[in-house]
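# Structural description and commentary
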Amino acid sequence: MTRVALEKYLAEIYNTMRTMGLFITTGSARINTATISWGTFGHLWNRPLALIPIRSQRYTYGLIEESGVFTISVPRKDLGNVLSQAGTLSGRDHDKFSELHLHPAKARHVDTFIVADCGLHLECRVIYRAPIVPENLHPAIDKEIYTGNSRHTMFYGEILDIYET
Ligand SMILES: Cc1cc2nc3c(=O)[nH]c(=O)nc-3n(C[C@H](O)[C@H](O)[C@H](O)COP(=O)(O)O)c2cc1C
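Quantities reported herein were computed from a predicted structural model and do not represent experimental measurements.

### With respect to the overall build of the chain
From N to C terminus, the chain includes five helices and nine strands. Seen in sequence order, the chain has helices and strands lined up from the N terminus as α-β-β-β-β-α-β-α-α-β-β-β-α-β. Its C-alpha radius of gyration of 15 Å places the chain within 12% of the 15 Å reference for a compact globule of 165 residues. The principal-axis extents of the C-alpha atoms in the chain amount to approximately 45 × 40 × 30 Å. For the chain, the share of sequence-separated contacts (at least 6 apart) that also reach a separation of at least 24 residues comes to 71%. Here the chain displays about 8,500 Å² of accessible surface, and carbon together with sulfur accounts for 51% of that area. One way to put it: in the chain the 17 positive side-chain charges average out to a point 2 Å from where the 17 negative ones average out.

Put into structure tokens, the structure is as follows:
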């Protein structure tokens, strides 16, 4: 595997995540994709890393827990409407790839798929998971973000590959 060139794509990944959102895809027998607009990309434990918060009620959460892998696809055209829907519908009762006319393609290194409609992809395997616990979070943030909602689990994904399609 070639060295992962995260630094080359950091600004693009961050800007797209904050302006439009990214697809996080998991599952193999049953593929699912959802939208994320929070996350951090950097370097930890000698590895390029994607740190992604997923709330425990998401279908995506169970699929990541089960498989230990996910991909992130970064759109290079306006897929804002599709991302809004992927971020509203749940894979529990919707086949989002088919309903939103998205095209899955086999990931190269992990047992799941990428969203082929996007131009840039990250393949990740979970190397650490950390459920957010209120005792360790600033109370103001806990109150602002989590009142009445399940808290996130932080998935630390080692980025095994980044590539353009
Ligand atoms: C713009 C946008 C950003 C989102 N970011 C996140 C996120 O960072 N983490 C998360 O758990 N859910 C996030 N969501 C919500 C999920 O995408 C949404 O609940 C989705 O329906 C989950 O699908 P699933 O049940 O198939 O996993 C976001 C939704 C939108 C529209």
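Okay, back to it.
### Structural notes on helix α1 (residues 6–19)
Under the 1.5 Å per step criterion, the end-to-end length of α1 is 19 Å for 14 residues, consistent within 8% with the ideal 20 Å. Residues of α1 that are buried include every one of L6, Y9, I13, T16 and M17, and no others. A positive phi of about 110° marks G21, the residue just after α1.

### Let's talk about the side chain of S73
One can find S73 in strand β5 (residues 69–74). Among the polar contacts listed, one links the side chain of S73 to the backbone nitrogen of V115, at a separation of 3.1 Å. When near neighbours in sequence (up to four residues on either side) are disregarded, S73 contacts L22, F23, I114, V115, C118, L120 and H121.

### Quick look at the site of the ligand
Of all residues adjacent to the ligand, which total 19 residues, the nearest are N32, T60, L89, S90 and G91. Contact between the ligand and S37: a nitrogen atom at 3.1 Å from a main-chain N or O atom of the residue. Note that an oxygen atom of the ligand is positioned 2.9 Å from one of the side-chain N or O atoms of K96. For the ligand, the accessible surface in isolation is 650 Å², of which the surrounding protein chains cover 82%. Put simply, the ligand lies in the largest pocket. Residue assignment for the shell around the ligand shows that the elements contributing at least two residues are β2 (32–36), β4 (47–55) and α2 (59–67). Looking at the shell around the ligand element by element, the count peaks at four residues for β2. Grouping the amino acids of the shell around the ligand by side-chain chemistry returns eight nonpolar, eight polar and three charged.

### Some remarks on the state of the cysteines
Scanning the entire structure with this criterion turns up zero disulfides. Unpaired in terms of disulfides, C118 finds its nearest cysteine sulfur in C124, a separation of 14 Å. Taking relative accessible area as the criterion, C118 reaches 3% and is therefore assigned buried. Overall, the relative accessible area of 0% leaves C124 in the buried class.

### A closer look at the layout of surface pockets
The computed volume of the largest pocket comes to approximately 470 Å³. The wall of the largest pocket is formed by 24 residues, among which A34, T35, I36, R58 and G87 lie closest to the centre. Contributions of two or more residues to the lining of the largest pocket are made by β2, β4, α2 and α3 (80–86). If one sorts the elements of the lining of the largest pocket by residue count, β2 sits on top with four residues. Classifying every residue of the lining of the largest pocket by side-chain character gives nine nonpolar, eleven polar and four charged. Surrounding the second largest pocket, Y14, M17, R18, S37, W38, G39, T40, L51, P53 and M154 form its lining. Put simply, the parts of the chain that give the lining of the second largest pocket at least two residues each are α1 and β4. By residue class, the composition of the lining of the second largest pocket is six nonpolar, three polar and one charged.

Cut-off values and rules
- Residues numbered from 1 in each chain as written.
- Predicted model: local features only at pLDDT ≥ 70, side-chain atom pairs only at ≥ 80, totals over all residues.
- Heavy atoms only, no water.
- Helix = DSSP H or I, 4+ residues; strand = E, 2+ residues; numbered from the N terminus.
- Rg over C-alpha atoms; globule rule 2.2 N^0.38 Å.
- Contact = heavy atoms within 4.5 Å.
- Areas by Shrake-Rupley, 256 points an atom, 1.4 Å probe, with all protein chains shown as cover.
- Lys, Arg positive; Asp, Glu negative; His and termini not counted.
- Charge placed at Lys NZ, Arg CZ, Asp CG, Glu CD.
- Expected span 1.5 Å × (residues − 1).
- Buried < 20%, exposed > 50% of the residue type's maximum accessible area, 1.4 Å probe, protein only.
- Polar contact = N/O pair within 3.5 Å; in protein donor to acceptor, adjacent residues only side chain to side chain.
- Near = heavy atom within 4 Å.
- 1 Å grid on protein atoms, 1.4 Å probe; cavity = no way out; pocket = protein on both sides within 12 Å on 5 of 7 lines; lining within 4 Å.
- Sits in = over half its atoms within 2 Å of the grid points.
- Nonpolar A, V, L, I, M, F, W, Y, C, P; charged D, E, K, R; others polar.
- Disulfide = S-S within 2.5 Å.
- Points joined across faces, edges and corners; volume = space filled by probe spheres on them.

These values are about where atoms sit, not about what they do.
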